[in-house]
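If you want the building blocks of each chain, they are given just below.
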Amino acid sequence: QVQLVESGGGLVQPGGSLRLSCTASGSMFTIYVMNWYRQGPGKQREWVASITSAGNTNYAESVKDRFTISRDNVKKSVYLQMNSLQPEDTGVYYCHTRVVRTDYWGQGTQVTVSS
């Protein structure tokens, strides 16, 4: 069993920044590939970014050069630094991992970008 708990969402003006955090339970965190997804209002959930156990990262084209995913294996945490936020970045952001073909999701944290 893996439990994921996100935090750090909120209301920010366009051009602003937020840092999301996700803390995981489980003793095997260091080998998990960790992902961030988001779901905007009226939209399907979409993948945002991934980080492997070795620290290799990948990003959706829409967030590349604005968002940075990182991890701290000692704290069993993964982060998403979001800069230059735009209204289209509004949504619920979810932390995700897959362990032994089972998907685990956090409860989500709301990010609202609005003036």
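Please refer to the structure higher up on the page.
Report follows, based on the coordinates. (Residues numbered from 1 in each chain as written. Predicted model: local features only at pLDDT ≥ 70, side-chain atom pairs only at ≥ 80, totals over all residues. Heavy atoms only, no water.)

What about the pattern of salt bridges?
Convention followed: We define a salt bridge as a contact between a side-chain nitrogen of Lys or Arg and a carboxyl oxygen of Asp or Glu at a distance within 4 Å. Counting from the N terminus, the helices are the DSSP runs of H or I reaching at least four residues and the strands are the DSSP runs of E reaching at least two. For the exposure calls, accessible area comes from a 1.4 Å probe over protein chains only, and a residue counts as buried if that area is under 20% of its type's maximum, exposed if over 50%, partly exposed in between.
Inspection of the entire model under this criterion finds five salt bridges. The partner of Glu46 in a salt bridge is Arg38, with the nearest N and O atoms 2.6 Å apart. A salt bridge links Asp89 to Arg38; its shortest N-O distance comes to 2.8 Å. Residue Asp89 is located in the loop between β8 (77-82) and β9 (91-99), and its partner Arg38 is located in strand β4 (residues 34-39); the two are separated by 51 residues in the primary sequence. The residues Asp89 and Arg38 share a single accessibility class, namely buried. Overlapping salt bridges bring together Arg38, Glu46, Arg66 and Asp89 as one network.

Description of the state of the cysteines
Defined as follows: Disulfide: a pair of cysteine sulfur atoms within 2.5 Å of each other.
Tallying each qualifying case throughout the model produces one disulfide. Put simply, Cys22 and Cys95 are joined by a disulfide, and their sulfur atoms are 2.1 Å apart. With the S-S dihedral at roughly -80 degrees, the linkage between Cys22 and Cys95 falls on the left-handed side. Here Cys22 is found in strand β3 (residues 18-24), whereas its partner Cys95 is found in strand β9, with 73 residues between them in sequence. For Cys95, a relative accessible area of 0% corresponds to the buried category.

What about the environment of Ser77?
Operational definition: Contacts were defined at the residue level, with two residues in contact if any of their heavy atoms lie within 4.5 Å. As used in this structure description, the phrase polar contact means that two N or O atoms lie within 3.5 Å; if the pair is within protein, one of them must be able to donate a hydrogen and the other to accept it, and residues adjacent in sequence are counted only when both atoms belong to side chains.
By the secondary structure assignment, Ser77 is in strand β8. Taking relative accessible area as the criterion, Ser77 reaches 5% and is therefore assigned buried. C-alpha separation for the pair Ser77 and Val5, spaced 72 residues apart in sequence, amounts to 9.4 Å. Not counting residues within four places of it along the chain, the set of residues in contact with Ser77 comprises Cys22, Thr23, Phe29, Ser70, Arg71 and Asp72. One polar contact links Ser77 to Thr23, side chain to side chain, over a distance of 3.2 Å.

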